[in-house]
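These are the residues of each chain, in order.
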Amino acid sequence: MFATLSDRLTATFKNLRGKGRLSEADIDATAREIRIALLEADVALPVVKDFVAAVKERARGEEVSQALNPAQQIVKIVNEELVSILGGETRRLRYAKSGPTVIMLAGLQGAGKTTLAAKLALWLKEQGKTPLLVACDLQRPNAVNQLQVNGERAGVPVFAPEPGNGVGDPVGVARASIEEAKRKLHDVVIVDTAGRLGVDAEMMAQAAGIRDAVQPDEVLFVVDAMIGQDALTTAQAFLDGVGYDGVVLTKLDGDARGGAALSIRHVTGRPVMFASTGEKLTDFDVFHPDRMASRILD
Ligand code: GDP
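Residues numbered from 1 in each chain as written. Predicted model: local features only at pLDDT ≥ 70, side-chain atom pairs only at ≥ 80, totals over all residues. Heavy atoms only, no water.

Here we come to the site of the ligand. Surveying the vicinity of the ligand reveals 17 residues, the closest of which are G110, T114, T115, D253 and E279. Q146 has a polar side-chain atom sitting 3.0 Å from an oxygen atom of the ligand. In the environment of the ligand, an oxygen atom lies 3.0 Å from a nitrogen or oxygen atom belonging to the backbone of K251. Protein chains bury 80% of the 590 Å² of accessible surface belonging to the ligand in isolation. Ranked by residue count, the leading element in the shell around the ligand is helix 5 (residues 113–126), at four residues. (Near = heavy atom within 4 Å. Polar contact = N/O pair within 3.5 Å; in protein donor to acceptor, adjacent residues only side chain to side chain. Areas by Shrake-Rupley, 256 points an atom, 1.4 Å probe, with all protein chains shown as cover. Helix = DSSP H or I, 4+ residues; strand = E, 2+ residues; numbered from the N terminus.)

This is how it looks when you write it as structure tokens:
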């Protein structure tokens, strides 16, 4: 991901090498190049506009450093603006002050929620937590089984509906899972929910029902970074229908242009908290805006 954007930006910066100072025309030309690079990477138009305006303003401004030549200064500004649109600071998980921390996952079918649930559980376990995975995706025929298989791989127990334990009733399962977590002293509960192939009112209502039943400390919206601008439309629909505290970008290992990843924070106002980069349970990490920006400008 981001390969084309990286190449384009690098080429833009190359044009500035050797210049003693930047003329207004240089700044305009650079801003135009950056605009094209971002648009080609499928970054949302409002994000591109704000980004380019900020770079231009700062390049024209008084930020003249003796230590940096003009090309380096532009790289520095672009780097800082990338960090900024990616959310600035790393947003860490918030844990409940008492009782189990409840994390609910929401997103479309195929986004990578079930995989992500197990990845997150393994990551938490490695930090000494005792998570419980909860299978509330009763929509997709194989989802409960998939979570059980992944839970086993992660070495994390899975709370799944059994006959008489709320089969067909995801809200009931979710509610019962919190009791189970308290009984068995799990300190984190990860609730996987059902997605659909597209945005759907019933899915939203179900997710909202689960949210109300378990009162999550964190609702995470899981989204496939490969689906481009559709990710933003979906993100908005989930914001309106369920609401969430943070975003998880999946499939960052893919070769998509990366625009959704760059736009989602700015468009939703919610921080990207985690990134999923493959099918293995360990292909997962906390999302660091500064590291991502450096990767793009590498
Ligand atoms: P869900 O419907 O949202 O629960 O999605 P799944 O967890 O079942 O994932 C859908 C497909 O995407 C599966 O084949 C996963 O193996 C795959 N997948 C999930 N996360 C990633 C990722 O970060 N990278 C890649 N390449 N594949 C992923």
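With that settled, the discussion passes to the packing of aromatic side chains. Across all of its chains, the model carries five aromatic pairs by this definition. Taking 4.9 Å as the distance between ring centres and 20° as the angle between the ring planes, the aromatic pair formed by F221 and Y244 counts as stacked. Of this pair, F221 sits in strand 5 (residues 218–224) while Y244 sits in the loop between helix 9 (230–241) and strand 6 (246–250), and the two are 23 residues apart along the sequence. Exposure remark for Y244: the relative accessible area of 5% places this residue in the buried category. Ring geometry for F274 and F284: centres 5.2 Å apart, planes at 20°, overall stacked. Linking F274 in strand 7 (residues 272–276) with F284 in strand 8 (residues 284–286), this pair joins segments that are ten residues apart in sequence. The pair F274 / F284 is uniform in exposure class, with both members buried. Of the aromatic side chains, those joined through ring pairs into one cluster are W123, F274 and F284. (Phe/Tyr/Trp six-rings, centres within 6.5 Å; stacked < 30°, edge-to-face > 60°. Buried < 20%, exposed > 50% of the residue type's maximum accessible area, 1.4 Å probe, protein only.)

What follows covers the pairing of strand 7. Most of strand 7 is tucked away, with five of its five residues classed as buried. Taking the sense of rotation as the criterion, the β-α-β connection linking strand 6, helix 10 (residues 259–268) and strand 7 turns out right-handed. As paired elements, strand 7 and strand 8 share three bridges and run antiparallel to each other. Of the residues in strand 8, the one forming a bridge with A275 is D285. (Right-handed = clockwise from strand over helix to strand, strands pointing away. Pairing = 2+ DSSP bridges.)

Next up on the list: the side chain of S177. Mapped onto the secondary structure, S177 falls in helix 7 (residues 170–183). The class of S177 is buried, set by a relative accessible area of 0%. A polar contact of 2.6 Å, which involves the side chain of S177, links it to the backbone oxygen of A174. When near neighbours in sequence (up to four residues on either side) are disregarded, S177 contacts L132, V134, F159 and V189. (Contact = heavy atoms within 4.5 Å.)

Attention shifts here to the UniProt feature "domain: SRP54-type proteins GTP-binding" (unreviewed entry) in the chain. The sites that carry the UniProt feature "domain: SRP54-type proteins GTP-binding" (unreviewed entry) are, in the present numbering, residues 271–284. Segment residues 271–284 splits into 0% helix and 43% strand. End C-alpha atoms: 16 Å apart. (UniProt positions renumbered as here; feature names shortened; annotations may be inferred.)

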